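Observations on the three-dimensional arrangement
Okay, here's what each chain looks like letter by letter:
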Amino acid sequence: MPTHSDHPRPADPLLACLSAPIETPDGAACAVVVVAPPAPPAGNAAAAPATPRAASPLRRLARPLLFAARLVLRRPRARQLALRVLKRFPALYQRAYRMVMASGSAPPAAAQSRPGHVATLSPRANAILRGLRTLDRAPANAGARPRLAFVSPLPPERSGIATYATELLMELTAHADIELVAAQDEVRMPASLAHLPLRTAAWFLDHGAGYDQVLYQLGNSPLHSHMFALMARHPGVVVLHDFFLGGALVHAQMSGAAPHAWLDALYQSHGYLAVRASEAAAANGQGQVHKDWPGSLPVIEGATRTIVHSRHACQLAADWYGPGATRRIDVIPHPRTPPASVDRAAARAALGIAPDCFLVCSFGFIAPHKLTHELLRAWTASSLHADRDCALILVGANHDSPYGMEVEALIRRAGPHANIRIAGWTDDDTYRQYLQAADVGVQLRTNAQGESSGAVLDCMNYGLATIVNANGSMAEFPEDAVWRLPDVFGEAELGAALETLHADAARRQALGERAVALLDASFRPAKCSRQYLDTLAQARAETAARHAAWRAAPAQTAPSDESGLQRLAARLAQDETPARRQLLVDVSDWARPGAAFDTLAAAQLRELLAQEYPGLRVEPVYLDQAGDLPCYRQARNAVGGLLGLGWPAQDEPVVDVHAGDIYYAPDAASRAVASAGAAGLLAAWRARGVTVNLLVRTEQDIAAARAAGADRLLCTSDAVARRLAHA
């Protein structure tokens, strides 16, 4: 699985040159730099498009079954029944699992008609245009309690976020007029929240503009797959419970809730490198790419503000997308309400657990990243396994995958007398009984993806001695409040921790007391809700200021009709600050259908697209001169052909440019560069802070390069550089 360390900043000499500060000698019109040409690939690969991968038998089989799969995915009971049947046939189950996951790697969105969409505007400008069209209809609620739409899974859904939502709502209802938005057949709220109006997701999609603010509780599960369409239509504050969103996005795409959601998010977040990885995985019948790439940048960029529950999640945003992605992210602790009461004896009696049993529990869904198999191996290797007065209970549903079958096999291999069992999914009352009955909680993680474990907080909240490993947000807990193993630990280390806590009741008590004190200081809903309210207020103020600027702009530009609004939207989009800079690589001369690839330019582009650069997006573009004004568009179709991607004809949106962006043309003498220069486009970009870089290949191209106007001229030879210096 890729991590930030797998994506180092590049040593690519071309990128190093293009991203370096401009150093212009005294008296010179621009900087001149010599850059080595890329190493030629084997054969003539750079000069010709790669051959699209043939569809694998697995993919060909998946396509006719996709409709049926979508029907099953939309019906939880049918999904569970299908899983129970498949698990009786392990080989078939594993093959079906790979096939369904691979089917989520469908091509990104092909060109399609969208009501109200303007093809000559960028996606950001289109979003602004939608806002301008409805600006006068925006709710005006000055001085009154804000009307807040709260979009979340709700009880009785089997989701920790549903429980989280009720705890938070208890505090927020005193400060806003809240209406609930859910996509589930049944909602059962506590009596104190039963008065809150409930809206369906379909209703909200059409009426969401009537709210002062929207608060989304977004996690990485199918329960959240309907939210992507809602967030695109009605932006709001997003609580990002998981930084990696591939699971929810793949389900949204596969179920049809948001067609192309996963691949669009993958492309927008990570570019062609990730798209190629997804294509390769699908061709090989693998479905794990959605676990390797976060795909969360469109959510972060589209939100009015984002809330995460750990410094680790915020750091992931900086690592994957650059520090600019964290500008509107707030870190608020994951709230936990203290238990109303703790009655260990009554809980044990209700669960049938002996008063003198040493009970170890692990809470929450069983999953590979929770290292359940490591806990089972450490337990069976420890002295506790042979002690009939010791028990290990996994309080949560088993994983619906081959991993779940592996966990069941480990328990069977522990022997008929092993005091180990899976409790399965429990209702809230039973879950709390296990928390009261347990002596020790064990909550482990690997490859943390920005999530905060509610189960860890549950254990601490009930005063359990809790064993964790220093992975992700769990590394932020102080060592006196939890038993913190190293991130990567050995079976013996976990076994020793279990044996020590078994033998030392005083140490268990001390850890539990410090855990409760930590939660009292920072994690209680009353305190967290105040931070929530601060974020909501800041988001409202920023949105109000933005709308005020929009209202003031028409007075200056006087857009009296739709075309005037479109021009205003384009200008406003250019004024916004994106999370990342762009390197715009001009491929205009070979972007036309059937055009031959430029050998040097294609080789350079392949190198640039072969890595991910945090904080910088490489975007191949071409000059579109079909309209009244020339503009640059994403060159998805040309690059798809170059890389051999198996996608259909693509929509190619207009690109916005901003201060700090980099434009690079690999041929200063190209017709596109001349046209862009003649139209004043490159000069306008330079005036806005875009650096213009042109590659001068021969001495005959010097005049064209000088005429185009550039901040930096690159050469592939010292001879051309010397001529440029004296030209």
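Look above for the structure.
Here we summarise the structure given alongside this text. (Residues numbered from 1 in each chain as written. Predicted model: local features only at pLDDT ≥ 70, side-chain atom pairs only at ≥ 80, totals over all residues. Heavy atoms only, no water.)

Things to note about the pairing of strand E16 (residues 616-624)
Quick reminder of the rule: Remark: exposure states derive from per-residue accessible area (1.4 Å probe, protein chains only) relative to the maximum for the residue type, with buried under 20%, exposed over 50%, and partly exposed in between. Per the convention used, a helix needs a DSSP run of H or I reaching at least four residues, while a strand needs a run of E reaching at least two, with both numbered from the N terminus. At least two bridges found by DSSP between two strands are what make those strands a pair.
Burial runs high along E16: 9 of the 9 residues are buried. Side chains Leu616, Val618, Pro620, Tyr622 and Asp624 project from E16 onto one buried face, and the interleaved Arg617, Glu619, Val621 and Leu623 project onto a second face that is buried too. Across 6 bridges, strand E15 (residues 581-586) lies against E16 in parallel orientation. Of the residues in E16, the one forming a bridge with Gln582 is Arg617. As judged from the 4 bridges shared by E16 and strand E17 (residues 631-634), these two strands associate in the antiparallel manner. Paired with Asp624 across the strands is Cys631, a residue of E17.

Considerations on the sheet that holds strand E10 (residues 390-395)
Our working definition: Think of each axis as a best-fit line through the C-alpha atoms, taken over the contacting stretch in the case of a helix, with angles from 0 to 180 degrees between the N-to-C directions. Residue contacts are counted whenever heavy atoms from the two residues lie within 4.5 Å of one another.
If you trace the 6 strands from one edge of the open sheet to the other, you get E11-E10-E9-E12-E13-E14, paired in parallel fashion. At either margin of the open sheet sits one strand with a lone partner, and together these are strand E11 (420-422) and strand E14 (483-485). Pairs of neighbouring strands in the sheet enclose a mean axial angle of 20 degrees, with direction left out of account. This element, helix H19 (residues 454-461), spans strand E9 (358-363), strand E12 (440-443) and strand E13 (465-469) of the sheet and lies at about 165 degrees to E12.

Topic: the environment of Asp624
Rules: N or O atoms closer than or at 3.5 Å make up a polar contact, with two conditions inside protein: a donor-capable atom paired with an acceptor-capable one, and, for residues adjacent in sequence, both atoms drawn from side chains.
Following the sequence through the fold, Asp624 ends up in strand E16. Each C-alpha atom of the pair Asp624 and Thr120 lies 9.8 Å from the other, and the pair is 504 residues apart in sequence. Apart from residues lying up to four places away in sequence, Asp624 is in contact with Leu629, Pro630, Cys631 and Arg633. A distance of 2.9 Å separates a polar atom in the side chain of Asp624 from the backbone nitrogen of Ala626.

Things to note about the nonpolar core
Put simply, the test is: Residues grouped as a nonpolar core are buried Ala, Val, Leu, Ile, Met, Phe, Trp, Tyr and Cys residues, joined through side-chain atoms within 4.5 Å.
Formed by 47 residues in total, the largest nonpolar core has its most connected members in Phe204, Leu218, Phe228, Leu240 and Phe243. In terms of residue count, helix H14 (residues 311-321) provides more of this core than any other element does, 6 residues in total. If we skip the residues at most four places from it in the chain, Leu218 touches His224, Met227, Phe228, Met231, Val238, Val239, Leu240, His241, Asp242, Leu245 and Val299. Core analysis: the second largest hydrophobic core is formed by 35 residues, Leu15, Tyr272, Val639 and Leu695 among them.

What to know about helix H20 (residues 491-503)
Put simply, the rule reads: By this rule the span expected of a helix is its residue count minus one, scaled by 1.5 Å. The arc in question is traced by the directions running from the helix axis to the C-beta atoms.
For H20, which comprises 13 residues, the first-to-last C-alpha distance of 19 Å matches the rise-based estimate of 18 Å (1.5 Å per residue) to within 8%. Residues of H20 that are buried include every one of Leu494, Gly495, Ala497, Leu498 and Leu501, and no others. Along the long axis of H20, the arc covered by the buried residues comes to 155 degrees, so they all point the same way. Across from the buried face of H20, at angles greater than 90 degrees, the exposed residues are Ala492 and Ala503. Looking at the buried positions of H20, the neighbouring elements they touch are E9, helix H16 (372-381), E12, E13, E14 and helix H21 (505-522).

Some points on the sheet that holds strand E7 (residues 305-308)
Read from one edge to the other, the open sheet built from 7 strands follows the order E4-E3-E2-E5-E6-E7-E8, with strand pairing classed as parallel. Lying at the two open borders of the sheet, with one neighbouring strand each, are strand E4 (198-200) and strand E8 (329-331). Taking the axes of each pair of neighbouring strands and ignoring which way they run, one obtains an average angle of 25 degrees across the sheet. Relative to strand E6 (residues 237-240), strand E5 (residues 213-218) runs parallel, the two sharing 4 bridges. Across the sheet, residue Leu215 finds its bridge partner in E6, namely Val237. Packed on one face of the sheet, H14 meets E7 and E8 and runs near 155 degrees to E8.

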